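Analysis of the macromolecular model
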Protein chains: 2
Amino acid sequence: MKKIRKAVVLLSGGLDSTTALYQAREWGFQCFCLIFDYGQRQRREIEAAKRIARRAGCRYRVVSFRLPWGGSALIDRRRALPRKRSLEEISRGIPPTYVPSRNTIFLSFALSYAEVMAADSIFIGAHVMDSSGYPDCRPEYFQAWKRVVEVGTKRGVEGRGIEIVAPLVGKSKAEIIKLGVRLKVPYELTWSCYQGGREPCLKCDSCLLRAKGFREAGIEDPLVRGEDEG
Amino acid sequence: MKKIRKAVVLLSGGLDSTTALYQAREWGFQCFCLIFDYGQRQRREIEAAKRIARRAGCRYRVVSFRLPWGGSALIDRRRALPRKRSLEEISRGIPPTYVPSRNTIFLSFALSYAEVMAADSIFIGAHVMDSSGYPDCRPEYFQAWKRVVEVGTKRGVEGRGIEIVAPLVGKSKAEIIKLGVRLKVPYELTWSCYQGGREPCLKCDSCLLRAKGFREAGIEDPLVRGEDEG
């Protein structure tokens, strides 16, 4: 009997992590979604993530925490979100939306969940192409985790390990979207906007990168389709 | 002008982390204490940690989270805490109080705090001697973090790094206590018991290891002194 491979999937409700989830499913993993409520100024992505997990037929868990030291415009309402920046501006340096050590915190919870569920793998939708300056989105960062898992977990010490998989790490947004369309990712359920309105603002960095991706992929974004028709 | 070195200190309110805090202070660090509320069945250690931070004249932050997947008798009241085990039993294998990836989660939050405070170091009171079987208390585990910091944080990429310091890692409980007495650690404020009563139960693994440490150090535990006199 073939053993079912299990994966914990970090699911933010955005485009990338949802594509990573569908990639893991296509590769035959039984997926356990891990959703974080860390005080994002907009709450829509959490609801989006739950809906996506249900649509994909996967169990999910929500972990809540706050960073009392703030440090990011994404969780601190006193800091302004960047708006209407050029794509060149967006690609320069670490943006004010950077949350210190966020991926490290996310992965550490995923590791705990994976230990308890006896999962082989952790999937994360991070990628380097469109978001330069995030040190914790690069292949060498995920590689560094390998050793922490090997020596720091029961499973690792026993030689079975937990692999951290970043299937999108070298892809552009357009490539991710093309892959997702092939995998039948329900992009209409995803939420990328840093604001929490009823519709995406189309002005924040995240909306602009998403729009660029769909444009370059030559695909219509099902989330903003209505706008074009209006 | 000599630059003040800053450290984030993981402070549980127990004997080890309190000694680590006083060690960091003696070495000249300005300390920022990080206290976790992760649903411990007993809440006393959180209050103990706050009192210790105040006594030491340090700022502290409390981070709250829950692990919805449980996995440990320390946070799951349906699981029995071990009681009255022999010291040989305690030292064998991974105990039911092991919280999967706890130190990894703690260190990832510490890393975030250290990034925001521009701290050079993170102090953790873990040690291998008395608690065998915890993979995330060994020197090679802390060593593995080095690479994650180097490549995964802004500070690391800039070549300044954040050092993870485990000053007690090779020490026995008795050696830790002797060190702490020299450092004038207020052990009467610390709380080690897994139960949350008014007095330590003196029967759980943690109480038994503490008692053994004080016995071997030839020092009276100020927390249970009353019992001896009663």
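The structure we're discussing is the one just above.
The present account deals with the structure reproduced in this document.

Considerations on the pairing of strand β1 (residues 6-10) of chain A
Side chains on a regular strand alternate between the two faces of the sheet. Residue and element names in this part refer to chain A. Here β1 lies mainly inside the structure; 4 of its 5 residues are buried. The pairing of β1 with strand β2 (residues 30-37) spans 5 bridges and is parallel. Along β2, the bridge assignment pairs Val8 with Phe32. The parallel pair β1 and β2 is bridged by helix α1 (residues 15-26), and the resulting crossover is right-handed. Two strands pair when backbone bridges link them, and β1 and strand β4 (residues 121-123) are joined in this way by 3 bridges, in the parallel orientation. Opposite Ala7, over in β4, you have Ser121 as the bridge partner.

What to know about the relation of the copies chain B and chain A
Overlaying chain B with chain A gives an RMSD of 0.0 Å, the required rotation being 180° about an axis along which the chain moves by 0.0 Å. These values place the two chain copies in the arrangement generated by a two-fold rotation axis. Identified as the residue of chain B closest to the rotation axis by C-alpha distance is Phe65 of chain B, at 2.5 Å. A shared interface surface links the copies, since 97% of the contact residues of chain B are contact residues in chain A too.

Quick look at the sheet that holds β1 of chain A
All names here are of chain A. Strands sit in the order β3-β2-β1-β4-β5 across an open sheet of 5 strands; the sheet is parallel. Strands with a single pairing partner mark the edges of an open sheet, and in this sheet they are β3 (59-64) and β5 (163-165). Taken over all neighbouring pairs, the strand axes of this sheet differ in orientation by 25° on average, direction set aside. Against the sheet, helix α4 (residues 102-117) touches β1, β2, β3, β4 and β5, its axis set at about 155° to β1.

With respect to helix α1 (residues 15-26) of chain B
Residue and element names in this part refer to chain B. Its 12 residues give α1 an end-to-end C-alpha distance of 17 Å, which sits within 8% of 16 Å, the value for a rise of 1.5 Å per residue. Counting buried positions along α1 gives 10 out of 12 residues, so the element sits mostly inside the fold. Packed against the buried residues of α1 are β1 (6-10), β2 (30-37), α2 (44-55), β4 (121-123), α7 (173-182) and α8 (205-217). Backbone geometry just downstream of α1 places Gly28 in the positive-phi region, at approximately 95°.

Describing the nonpolar core
Formed by 136 residues in total, the largest nonpolar core has its most connected members in Val9 and Leu34 of chain A together with Val9 and Leu34 of chain B. Apart from the residues lying within four places of it in its own chain, the contact partners of Val9 of chain B are Ala20, Leu21, Ala24, Cys31, Phe32, Cys33, Leu34 and Phe123 of chain B.

Points about the interface of chain B and chain A
Residue-level contacts link 35 residues of chain B with 34 residues of chain A. Listed by contribution, the elements that provide at least two residues to the side of chain B that touches chain A are β3 (59-64), α4 (102-117), α5 (139-152) and α6 (154-157) of chain B. It is α4 of chain B that provides the largest number of residues to the side of chain B that touches chain A, a total of 9 residues.

Some points on the environment of Leu10 of chain B
All names here are of chain B. Along the chain, Leu10 falls in strand β1. Residues Leu10 and Cys33, spaced 23 residues apart in sequence, show a C-alpha to C-alpha distance of 6.0 Å. Apart from residues no more than four positions distant in its own chain, Leu10 is found in contact with Ser17, Leu34, Phe106, Ala110, Phe123, Ile124 and Gly125.

What to know about the environment of Gly14 of chain B
All names here are of chain B. In this fold, Gly14 is placed in the loop between β1 and α1. A count of 20 C-beta atoms within 10 Å places Gly14 in the buried class. As a C-alpha pair, Gly14 and Val99 span 85 residues in sequence and 16 Å in three-dimensional space. Those residues in contact with Gly14, other than ones at most four positions away along the chain, are Glu45, Thr190, Trp191 and Ser192.

Rules and cut-offs
Residues numbered from 1 in each chain as written. Chains lettered and ligands numbered in written order. Predicted model: local features only at pLDDT ≥ 70, side-chain atom pairs only at ≥ 80, totals over all residues. Buried ≥ 20, exposed ≤ 12 C-beta atoms within 10 Å, placed from the backbone. Helix = DSSP H or I, 4+ residues; strand = E, 2+ residues; numbered from the N terminus. Pairing = 2+ DSSP bridges. Right-handed = clockwise from strand over helix to strand, strands pointing away. Least-squares fit on C-alpha atoms with pLDDT ≥ 70 in both. Contact = placed C-beta atoms within 7 Å. Axes fitted to C-alpha atoms, helices over the stretch in contact; angles between N-to-C directions. Expected span 1.5 Å × (residues − 1). Core = buried A, V, L, I, M, F, W, Y, C linked by C-beta atoms within 7 Å.

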